[in-house]
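Residue strings, one per chain:
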Amino acid sequence: EEHPLKNPYNTLVLINDKGEIVQKYRKLLPWTPIEGWTPGNLGTIVSDGPKGLKVSLIICDDGNYPEIWRDCAMGGAELIVRP
């Protein structure tokens, strides 16, 4: 996802069955200076998924930090997707 002034964000989106973006997760902790991404600024988000399931997203190495998983769970996530 483009950033207006810096390098782009590494962004993962959750799309509902109507084709609408219902959640964006911007990678919080890029490997600098190896990855040229701008750190995310949205934090973790919990959205309604299929049949009311509460879904949250995490990208790559962010999943190695238990605090991020805990933040999703404390927000009510029942399913956390980490590609």
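The rules behind each value
Residues numbered from 1 in each chain as written. Predicted model: local features only at pLDDT ≥ 70, side-chain atom pairs only at ≥ 80, totals over all residues. Heavy atoms only, no water. Phe/Tyr/Trp six-rings, centres within 6.5 Å; stacked < 30°, edge-to-face > 60°. Lys NZ or Arg CZ within 6 Å of the ring centre and 35° of its normal. Core = buried A, V, L, I, M, F, W, Y, C linked by side-chain atoms within 4.5 Å. Buried < 20%, exposed > 50% of the residue type's maximum accessible area, 1.4 Å probe, protein only. Helix = DSSP H or I, 4+ residues; strand = E, 2+ residues; numbered from the N terminus. Contact = heavy atoms within 4.5 Å. Pairing = 2+ DSSP bridges. Salt bridge = Lys/Arg side-chain N within 4 Å of Asp/Glu carboxyl O. Axes fitted to C-alpha atoms, helices over the stretch in contact; angles between N-to-C directions.

Asks: Hey, could you run me through the packing of aromatic side chains in this one?
Replies: For any pair of aromatic rings, the description rests on two quantities: the centre-to-centre distance and the angle between the ring planes. For the structure shown, the criterion picks out 0 aromatic pairs. If you follow Arg 26 out to its NZ or CZ, it ends over the ring of Tyr 9, 4.0 Å from the centre.

Asks: What exactly am I supposed to notice about the nonpolar core here?
Replies: One broad rule of soluble globular proteins: the nonpolar side chains tend to lie buried together. Counting 10 residues, the largest nonpolar core is built from Leu 12, Leu 14, Tyr 25, Val 55, Leu 57, Ile 58, Ile 59, Ile 68, Cys 72 and Ala 77. Listed by contribution, the elements that provide at least two residues to this core are β1 (11–15), β4 (54–57) and α1 (66–74). Sequence-distant contacts of Leu 12, that is, excluding residues within four places in its chain, are made with Gln 23, Lys 24, Tyr 25, Leu 57, Ile 58, Ile 59 and Pro 83.

Asks: How do you make sense of the pairing of strand β2 (residues 21–26) when you look at a structure like this?
Replies: Successive residues of a regular strand alternate their side chains across the two faces of the sheet. With 5 bridges joining them, β1 and β2 adopt antiparallel strand pairing. Of the residues in β2, the one forming a bridge with Val 13 is Lys 24. The loop that links β1 with its antiparallel partner β2 comprises 5 residues; one of these, Gly 19, has a positive phi angle of about 85°.

Asks: Please clarify how the environment of Pro 30 should be interpreted in this entry.
Replies: Structurally, Pro 30 is set in the loop between β2 and β3 (46–48). In this structure the C-alpha to C-alpha distance between Pro 30 and Asn 10, which are 20 residues apart in sequence, comes to 8.2 Å. Contacts of Pro 30, omitting those with residues within four sequence positions, involve Glu 35, Trp 37, Thr 38 and Pro 39.

Asks: Just to check I follow, could you spell out the pattern of salt bridges for this structure?
Replies: Pairs may arise between side chains of opposite charge once their charged atoms sit close together. Scanning the model with the defined rule gives 4 salt bridges in all. Across the pair Lys 24 and Glu 1 runs a salt bridge whose closest N-O atoms are separated by 2.9 Å. With Lys 24 in strand β2 and Glu 1 in the segment before β1, this pair connects stretches of sequence that are 23 residues apart. A single salt-bridge network, built from bridges that share partners, covers Glu 1, Lys 24 and Arg 26.

Asks: What am I meant to see in the sheet that holds β4 here?
Replies: The strands that make up a sheet pair up through hydrogen bonds in the backbone, lying either parallel or antiparallel. Strand order in this open sheet of 3 strands is β3-β4-β5, and the pairing throughout is mixed. Strands at the two margins of the open sheet, each flanked by one partner only, are β3 and β5 (79–81). Going from strand to strand, the sheet's axes swing by 35° on average, the running direction of each strand aside. Note that β4 and β5 share 3 bridges and pair parallel. Counted as the bridge partner of Ser 56 is Ile 80 from β5.

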